[in-house]
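The primary structure of each chain is shown beneath.
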Amino acid sequence: MADEGDKPERPLRSARWFAPDDLRSFGHRSRLMQLGYAEEDFRGKPVIGVLNTWSELNSCHSHFRERAQDVKRGVAQAGGLAVELPAQSVDESFTKPTSMLYRNMLAMETEEMIRSHPLDGVVLMGGCDKTTPGLVMGAISAGVPMLYLPAGPMLRGNYAGKALGSGSDAWKFWDERRAGNISDAEWIGIQGGIARSAGTCMTMGTASTMTAIAEAMGLCLPGASSIPAVDSGHQRMAADCGRRIVGMVREGLTPDRIVTDAAVRNAAIVAMATGCSTNAVVHLIAMARRAGVELTLDDLDALGRTTPLVANVRPAGQDYLMEDFYYAGGLRALMAQIAERLDLSAMTVTGKPLGENLEGARVFNDDVIRPLSNPVYHEGSLAVLRGNLCPDGAVIKPAACDPRFHVHEGPALVFDSYPEMKKAIDDETLDVTPDHILVLRNAGPQGGPGFPEWGMLPIPKALIRKGHRDMLRISDARMSGTSYGACVLHVAPETYVGGPLALLRTGDIVRLDLPARRLDMLVDEAELARRREEWTPPAPRFERGWGWMFSKHVTQADKGCDFDFLERGFGAAAGEPDIF
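Residues numbered from 1 in each chain as written. Predicted model: local features only at pLDDT ≥ 70, side-chain atom pairs only at ≥ 80, totals over all residues. Heavy atoms only, no water.

Caption draft 1: Up close: the side chain of Ser-483. The residue Ser-483 is located in the loop between strand E11 (473-475) and strand E12 (487-492) in this model. A relative accessible area of 0% means that Ser-483 is categorised as buried. Polar side-chain contacts of Ser-483 include one of 3.2 Å to the side chain of Trp-171. Excluding residues within four positions of it along the chain, Ser-483 makes contact with Trp-171, Pro-315 and Met-456. (Helix = DSSP H or I, 4+ residues; strand = E, 2+ residues; numbered from the N terminus. Buried < 20%, exposed > 50% of the residue type's maximum accessible area, 1.4 Å probe, protein only. Polar contact = N/O pair within 3.5 Å; in protein donor to acceptor, adjacent residues only side chain to side chain. Contact = heavy atoms within 4.5 Å.)

What follows is the structure, encoded as structure tokens:
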């Protein structure tokens, strides 16, 4: 950690609430005393907000009640006062239609909660998919010193003596159950064994991707994102977070000094090297734009072409899970392995540059964390496509799909809703071949609504019965980071706003050329113009409330799906609140 002894202490933001000798500050101090604090507990001390996304419906964060106490212990040891504030949990499993509908709500809540309260710095407690970007986006906009505490992955799953990967194996075994190969008793056993401790998915899904991005961006303590949730090291890390945030407040180490062009580029490179979730694209762009960093799909594609995948962790990898990744050295070891590609001068929450944080990092299993000379995949995790189906872009995860689909041409089978698609794929008499291309539309940011994770369309039962387990699928939806297969996602502009996907019809020939980064429907321009004239906008999804606000202001997938009025370029952030 940075040496704090020779640095003058910064004025505390919280002093505006507590220091003046006036009636308003008297009221603030008396209310703290009402909570049981003596004057020596808070006078002149940094007040640290512990923003906790714990919920009884968020299994990823079920250990956060205890971890909040560990953070508070660290804050007290460093001479601060810790106050815990609940933040929206945005759990992935139970929030419907999709947690993505509420990521921006968490970001808004985080920003306004920080701004409106006497907080000198914050520890952000998150991990489940949307909590990382939501908390970070809000805290970047608020601008006070902040440190991210990742929930950590759960232990590897287990059933019948075999390791199970959350999400990834659920999809795999569901296909086998649909094929009639798994009994009821086996299905219940898998159900009980696939997620067996607190923590996030232990595959390199969206949760582990986003916490790795936060660490690579300099927002976590070194190595924090890899520690399993129930490991005792996670408790010690939480206390370290409490101690360190007090130091950051005293140093005035704010997010604008950390989340820079270099930090965002580092985060993108590390994401590619880990086998990241496709959701990283949307969230990383949104986080960067909050910091005033212009990150585009083309930037990410360029990095993906030149960054080898070195983390052999499922689903992009073949054999290992996040627990294995931690034992192999974790994210520090991976970053040390690709250090020549990173900007090691980028500032981090330790008060030191990234390069110093990586000193001494070692790989303990080079099959889990591969050297650059022996990658899992020669390019990075993601590729960005363009073409007349997706003029503003679409994404695919090449390493997680069968190579035979990298160049593929076939007839489209188009569905306008998930129920329509579900009914068809469960019909064993469906007229479909492995060369068909399944298309789901009206599942984007506005059409979904909320950009749901419907993009890993199930393989039709008629093909499952014949042994097929992959086929080309296209949608304007997202998919879970634990998913895999030949899935083209995030087609932009989306169907709902009149994107070209709205013009595609069943039977049209679609061509994917991954090496050329092209996705096109082979329909002549005159016919497309005629279809465009016939297209009519759909009815609004919402007429009031949050959904109405979301629909009016959410940007498209290629822009990060933030609200237009929350991005840095929209206008200056609000100043400090008046206190009278």
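Caption draft 2: Region of the structure containing the side chain of Asn-357. Position of Asn-357 among the secondary structure elements: in helix H16 (residues 354-357). Here Asn-357 is in contact with Pro-222, Arg-332, Thr-348, Thr-350 and Lys-352, once residues within four sequence places are set aside.

Caption draft 3: Structural context of the sheet that holds strand E3 (residues 121-126). If you trace the four strands from one edge of the open sheet to the other, you get E2-E1-E3-E4, paired in parallel fashion. Edge positions in the sheet fall to strand E2 (81-86) and strand E4 (146-150), since each has one partner strand and no second. Put simply, the sheet's adjacent strands are angled 20° from each other on average, direction ignored. Relative to E3, strand E1 (residues 47-52) is paired through five bridges, and the arrangement is parallel. For Leu-51, the partnering residue across the bridge sits in E3 and is Leu-124. (Pairing = 2+ DSSP bridges. Axes fitted to C-alpha atoms, helices over the stretch in contact; angles between N-to-C directions.)

Caption draft 4: Summary view of the pairing of E2. Relative to E2, E1 is paired through six bridges, and the arrangement is parallel. Within E2, the position partnered with Gly-49 by the bridge is Val-83.

Caption draft 5: View of the sheet that holds E12. Here eight strands make up an open sheet; going across it, the order is E7-E8-E12-E11-E10-E9-E13-E14 and the pairing mixed. Each edge of the open sheet is held by one strand with a lone partner, namely strand E7 (383-385) and strand E14 (518-521). The sheet shows a mean angle of 25° between the axes of neighbouring strands, direction not considered. Pairing between strand E8 (residues 393-396) and E12: two bridges, direction antiparallel.

Caption draft 6: Spotlight on helix H13 (residues 297-306). Every buried residue of H13 is listed here: Leu-297, Leu-300, Asp-301, Leu-303 and Gly-304. For H13, the buried positions fall inside an angular range of 165° around the axis, keeping them on one side. On its buried face, H13 sits against helix H11 (261-274), helix H12 (279-290), E7 and E8. (Arc of directions from axis to C-beta.)

Caption draft 7: Structural context of the nonpolar core. Counting 112 residues, the largest nonpolar core has Leu-149, Ile-213, Met-217, Phe-325 and Leu-334 as the members making the most contacts within it. The element that contributes the greatest number of residues to this core is H11, accounting for nine residues. Every residue in contact with Leu-334, bar those within four places of it in the chain, is listed here: Val-270, Ala-273, Thr-274, Val-310, Ala-311, Phe-325 and Ile-369. Grouped together as the second largest cluster of nonpolar side chains are 45 residues, Ala-412, Val-439, Leu-463 and Val-488 included. (Core = buried A, V, L, I, M, F, W, Y, C linked by side-chain atoms within 4.5 Å.)

Caption draft 8: How the structure looks around the state of the cysteines. Scanning all chains against the criterion turns up zero disulfides. With no disulfide of its own, Cys-241 lies 7.6 Å from the sulfur of Cys-220, the closest cysteine sulfur. For Cys-241, a relative accessible area of 0% translates into the label buried. Cys-390 forms no disulfide, and the closest cysteine sulfur to it belongs to Cys-487, at a distance of 15 Å. The class for Cys-390 is buried, based on a relative accessible area of 0%. (Disulfide = S-S within 2.5 Å.)

Caption draft 9: Just the environment of Met-202, in detail. Mapping Met-202 onto the fold places it in the loop between helix H8 (184-193) and helix H9 (206-216). Its relative accessible area of 0% is what places Met-202 among the buried residues. The sequence separation of Met-202 and Val-313 amounts to 111 residues, and the corresponding C-alpha distance is 9.2 Å. Excluding its chain neighbours within four sequence positions, the residues that come into contact with Met-202 are Pro-153, Met-154, Leu-155, Arg-156, Gly-157, Leu-164, Gly-165, Ser-166, Ile-194, Leu-321 and Met-322.

Caption draft 10: Structural view of the packing of aromatic side chains. Under the counting rule described, the total for this entry stands at seven aromatic pairs. With a centroid separation of 5.8 Å and an interplanar angle of 50°, the aromatic rings of Tyr-326 and Tyr-327 are classed as tilted. Ring centres of Trp-546 and Phe-563 lie 5.4 Å apart, and the angle between their planes is 50°; this geometry places the pair in the tilted category. Residue Trp-546 is located in helix H20 (residues 545-553), and its partner Phe-563 is located in the segment after H20; the two are separated by 17 residues in the primary sequence. (Phe/Tyr/Trp six-rings, centres within 6.5 Å; stacked < 30°, edge-to-face > 60°.)

Caption draft 11: Structural detail: the pairing of strand E13 (residues 509-513). Examined bridge by bridge, strand E9 (residues 407-415) and E13 share five bridges and lie antiparallel to one another. Across the sheet, the residue bridging to Glu-409 is Arg-511, located in E13. Sheet topology note: the E13/E14 ladder contains four bridges and is antiparallel. What sits directly across from Val-510, in E14, is Met-521. Counted between consecutive antiparallel strands, the loop separating E13 from E14 contains four residues, among which Arg-517 sits at a positive phi close to 60°.

Caption draft 12: The pattern of salt bridges, seen in detail. Enumeration according to the criterion identifies 45 salt bridges in this entry. As a salt-bridge pair, Asp-426 and Arg-178 come within 3.6 Å of each other at their nearest N and O atoms. In this pair, Asp-426 is assigned in the loop between helix H17 (418-425) and strand E10 (437-440) and Arg-178 in helix H7 (residues 168-178), connecting sequence segments 248 residues apart. Asp-426 gets classed as partly exposed once you look at its relative accessible area, which sits at 27%. With relative accessibility at 7%, the residue Arg-178 sits in the buried group. (Salt bridge = Lys/Arg side-chain N within 4 Å of Asp/Glu carboxyl O.)

Caption draft 13: Structural detail: the packing of H9 against H12. Close contact between H9 and H12 brings their axes to 10 Å; oriented N to C, the two are set at 35°. Read as a crossing pair, H9 and H12 show a hand that is right-handed. Across the interface between the two elements, Thr-206, Thr-209, Met-210 and Ile-213 of H9 pack against Asn-279, Ala-280, His-283, Leu-284 and Met-287 of H12. Along the lines of polarity and charge, the residues of the contact of H9 with H12 split into five nonpolar, four polar and no charged. (Left-handed = near helix turned anticlockwise from the far one by under 90°. Nonpolar A, V, L, I, M, F, W, Y, C, P; charged D, E, K, R; others polar.)

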